[in-house]
Amino acid sequence: MKRLLQLTMISLVALLTFAPSAWAQGEEVTVRMEDNFFDPANITIEPGTTVTWVQSGDNPHTTTSYDGLWDSGIIRGGSGGTFSFTFDEPGTYEYFCIPHEALGMVGSITVTGGAMVSPTATASPTATASPTATALAETGGPPFTSLLALAATLALAVCGVIALALLRRRGA
Ligand SMILES: [Cu+2]
């Protein structure tokens, strides 16, 4: 019973350790395209975060990477149109609005090195989510289940031995 409790605790700790990092991978952040500025203009995010720009103005806007990584093209004013991009690699990404760059409609996305330093940190959210789930199942699931089966088998064996002993005593 004590070992069962210990295993339950280990499973819980594993869940608490792995689950938050899995959730952090798929975060979403919104940047509004106003007339004529990005709001907020400069943001810091974790790797794997998806940034969605939302057309919130009346003028046409774009979100265009200076490095050519992404370009929404013109999103019509008043359309409420959106453009999303997922940032996996740490670094600073500067971008601008094609019609309003001269008016200072520029922004930046800073992707942190991430709290979790692992080879999966730069992969896409879907790719990192499944290995984490597998690791969780391997650390928490099977040992607990097999121990339950073992405990049940042992209980049955002990019952059998006791029953046998009782029967023998009665017989004698
Ligand atoms: Cu603009």
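Quick look at the structure, then. (Residues numbered from 1 in each chain as written. Predicted model: local features only at pLDDT ≥ 70, side-chain atom pairs only at ≥ 80, totals over all residues.)

Bringing the overall build of the protein chain into the picture now. Looking only at helices and strands, the protein chain has two helices and eight strands in total. Reading the protein chain from its N end, one meets helices and strands in the order α-β-β-β-β-β-β-β-β-α. By sequence separation, contacts in the protein chain at least 24 residues apart represent 57% of the contacts at least 6 residues apart. (Helix = DSSP H or I, 4+ residues; strand = E, 2+ residues; numbered from the N terminus. Contact = placed C-beta atoms within 7 Å.)

Here the focus is the sheet that holds strand S7 (residues 91–96). Strand order in the open sheet formed by four strands is S3-S8-S7-S5, with mixed pairing between adjacent strands. Pairing within the sheet leaves two strands with one partner each, and these edge strands are strand S3 (42–45) and strand S5 (64–65). Bridging between S7 and strand S8 (residues 106–111) involves six bridges; their strand directions are antiparallel. Of the residues in S8, the one forming a bridge with Thr-92 is Thr-110. (Pairing = 2+ DSSP bridges.)

You can see Phe-83 is positioned in strand S6 (residues 82–87). Classification of Phe-83 as buried rests on a count of 20 C-beta atoms within 10 Å. Along the chain, Phe-83 and Asp-71 lie twelve residues apart, while their C-alpha atoms are 8.8 Å from each other. The residues touching Phe-83, leaving out its near neighbours within four places in the chain, are Trp-53, Thr-63, Ser-72 and Ile-75. (Buried ≥ 20, exposed ≤ 12 C-beta atoms within 10 Å, placed from the backbone.)

Looking along a regular strand, one sees side chains alternate from face to face of the sheet. On S8, burial follows the alternation: Gly-107, Ile-109 and Val-111 on one face are buried, whereas Val-106, Ser-108 and Thr-110 on the facing-out side are not. Summarising the sheet, S3 and S8 pair through four bridges and their orientation is parallel. Bridge pairing in S8 links Thr-44 to Thr-110.

Among the nonpolar cores identified, the biggest contains twelve residues, and these are Val-31, Met-33, Phe-38, Val-51, Trp-53, Ile-75, Phe-83, Phe-87, Cys-97, Met-105, Ile-109 and Val-111. Contributing elements (two or more residues each) for this core: strand S1 (28–34), strand S4 (49–55), S6 and S8. Every residue in contact with Trp-53, bar those within four places of it in the chain, is listed here: Val-31, Met-33, Thr-63, Ser-72, Thr-82 and Phe-83. (Core = buried A, V, L, I, M, F, W, Y, C linked by C-beta atoms within 7 Å.)

Moving on: the sheet that holds S1. Read from one edge to the other, the open sheet built from four strands follows the order S2-S1-S4-S6, with strand pairing classed as mixed. One side of each edge strand has no neighbouring strand; the edge strands of this open sheet are strand S2 (37–39) and S6. Put simply, the sheet's adjacent strands are angled 25 degrees from each other on average, direction ignored. Inspection of the sheet shows S4 paired to S6 by six bridges, in the antiparallel sense. Residue Thr-50 lies in a different strand from S6, and its bridge partner there is Thr-86. (Axes fitted to C-alpha atoms, helices over the stretch in contact; angles between N-to-C directions.)

The residue Arg-76 is located in the loop between S5 and S6 in this model. On the neighbour-count criterion, Arg-76 (12 C-beta atoms within 10 Å) is exposed. Arg-76 sits 19 residues away from Gly-57 along the chain, and the two C-alpha atoms are 8.9 Å apart. Non-local contacts of Arg-76, meaning those with residues more than four positions away in its chain, are made with Pro-60 and Gly-81.

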